[in-house]
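A closer look at the structure
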Amino acid sequence: MNSTPEEERNNAAEEDRTKTEPESISRREMLKLTAIAGTGVVLGMSGMATLMSLKRADPGPGSGAQAAKPQAGAGGAVPFYGLQQAGIITPQQPYVCFAAFDILHQDAGQLLKLLQEWSAASAVMTAGKPRREGGDVTSPPADTGETKGLSPSNLTLTFGFGPTLFQSNGKDRFGLASEQPAELSDIPPMPGDRLDPQWCGGDIGVQACADDPGVAFHAIRNLARASKGTAAIRWVQNGYIGAPDGQTPRNLFGFKDGTANRELDSEAARSQHVWAASSDGPAWMANGTYLVARKIRMFLEPWDRSTLAEQEITFGRLKESGAPFGKKNEFDPAPLSQFPASSHVWLARSAGTKMLRRAYSYVDGIDAGTGDWDAGLFFISFQRSVKRQFIPMLSLLAKLDALNKFTSHVSSAVFACPPGAGEDGFVGETLFRSGSR
């Protein structure tokens with residue numbers, strides 16, 4: 001009997017983890033005109049009633065989600081529903097609007113209803129289907145309206161749950177504490193961190209990516225609007241990338257950033273390094289992943305005064321081509337001995353871990369205190385294990401990276417991104433099914 005795609009992924013995750021063949025990652029068309037539809041979806045079923053129906057039905061992990069992996073579609077639309085959430089392995093769009101929300105109550109039923117509403121609204125917005133406006137001019141419009149007449153712009157919305165959604169100050173807020181993954185905890189303090197608590201954490205993280213910055217912002221704006229009284233935005237970060245089609249983007253230091261992603265372009269590599277398996281625990285996270293977000297301030301003024309030789313030795317690659325030292329091309333294989341000791345690339349590779357990077361540059365104006373640029377890298381990564389993949393690499397970089405004198409980490413957050421939703425379900429359904437037992 002032929003194996004299902006899910007069985008093949010699980011089998012691949014248990015095979016020899018050294019066999020991955022890099023393939024090229026294609027990027028989507030640049031900057032298409034975009035459009036969005038309205039949100040404000042209201043569901044008739046109460047949260048608690050839905051909890052009971054989930055408990056009775058209990059269809060098992062991944063219900064209704066046997067769709068193909070999310071990819072860009074014709075006409076610039078990326079399906080919201082699927083086995084895994086879109087916006088993870090989807091070819092990276094040029095713009096991001098990332099928001100962390102805090103839940104304002106401790107009612108599991110209201111939380112469930114919010115996730116249902118957000119999922120339904122996300123499906124509408126990513127499809128670019130306009131929501132029909134009512135004729136009542138005495139009420140606010142159903143949609144904020146700034147993207148009417150545009151196409152979907154390859155919008156994706158990716159949701160993740162923070163540690164505080166499960167428990168905060170030792171309190172089980174929604175009866176879900178027993179379902180908190182062991183992987184889901186704040187990144188431990190690192191040397192050189194200058195974290196601002198107001199820019200860290202969050203109960204729910206939402207990543208909106210699109211080919212147009214207005215479309216990404218519109219999606220977050222409408223989700224926030226639909227959650228009034230239930231959730232409030234804790235922090236928001238906008239970002240962008242710029243690169244010719246099919247090429248690795250460059251960061252604000254002028255170096256190519258994300259070369260190693262090519263090593264995770266096969267299904268076997270993603271099963272090994274990106275997607276959580278049911279054997280990892282908890283079961284509700286199967287086909288999900290863990291998101292780490294770190295806002296890294298870059299000190300552009302001293303960097304711009306550095307010589308080209310110093311910049312290349314610090315970063316660990318040639319600036320023009322992105323090639324390793326002693327090589328000509330960006331993707332030329334090179335042993336660790338080819339990279340300068342204490343360089344950023346050498347340390348990142350010597351940690352022996354891999355993760356899917358999805359970083360964006362940001363510019364937040366001028367620092368009022370120094371007059372310098374408030375700009376840098378909004379680092380986002382997806383990995384199967386935060387403890388085994390991300391933390392070992394970050395620990396090594398924080399202690400020894402030559403790049404540290406030009407950077408400072410100012411925010412940090414970790415989110416558990418559940419699997420995708422079926423067309424009759426919602427993101428987080430597997431969690432609530434587990435929690436309702």
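In this report, the structure presented in the accompanying data block is examined. (Residues numbered from 1 in each chain as written. Predicted model: local features only at pLDDT ≥ 70, side-chain atom pairs only at ≥ 80, totals over all residues. Heavy atoms only, no water.)

With that settled, the discussion passes to the pattern of salt bridges. What the rule picks out here adds up to 16 salt bridges. A salt bridge links Lys295 to Asp364, with the nearest nitrogen and oxygen atoms 2.9 Å apart. Of this pair, Lys295 sits in strand 7 (residues 289–298) while Asp364 sits in strand 9 (residues 360–366), and the two are 69 residues apart along the sequence. (Salt bridge = Lys/Arg side-chain N within 4 Å of Asp/Glu carboxyl O. Helix = DSSP H or I, 4+ residues; strand = E, 2+ residues; numbered from the N terminus.)

Below, the discussion takes up the packing of aromatic side chains. Per the stated rule, a full pass over the model turns up 17 aromatic pairs. With a centroid separation of 5.6 Å and 70 degrees between ring planes, the pair formed by Phe98 and Phe378 is classed as edge-to-face. With Phe98 in strand 1 (residues 95–103) and Phe378 in strand 10 (residues 373–383), this pair connects stretches of sequence that are 280 residues apart. Considered together, Phe98 and Phe378 belong to a single accessibility category, that of buried residues. Ring-pair connections join several aromatic residues into one group, and the members of that group are Phe80, Tyr81, Phe101, Trp118 and Phe159. Positioned above the aromatic ring of Trp199, the side-chain terminus of Lys295 is 4.1 Å from the ring centre. Over the ring of Tyr362 we find Lys295; its NZ or CZ atom is 4.7 Å from the centre of that ring. (Phe/Tyr/Trp six-rings, centres within 6.5 Å; stacked < 30°, edge-to-face > 60°. Buried < 20%, exposed > 50% of the residue type's maximum accessible area, 1.4 Å probe, protein only. Lys NZ or Arg CZ within 6 Å of the ring centre and 35° of its normal.)

An α-helix turns once every 3.6 residues. As a result, residues three or four positions apart point the same way. An ideal rise of 1.5 Å per residue puts 21 Å on 15 residues; helix 10 (residues 386–400) measures up with 20 Å between its terminal C-alpha atoms. Of all the residues in helix 10, the buried ones are Val386, Gln389, Phe390, Ile391, Met393, Leu394, Leu397 and Ala398. For helix 10, the buried positions fall inside an angular range of 160 degrees around the axis, keeping them on one side. Counted as exposed and oriented over 90 degrees from the buried face of helix 10: Arg388 and Lys399. The inward-facing, buried residues of helix 10 contact helix 6 (267–273), strand 7, helix 9 (344–350), strand 8 (356–357), strand 10 and strand 11 (407–417). (Expected span 1.5 Å × (residues − 1). Arc of directions from axis to C-beta. Contact = heavy atoms within 4.5 Å.)

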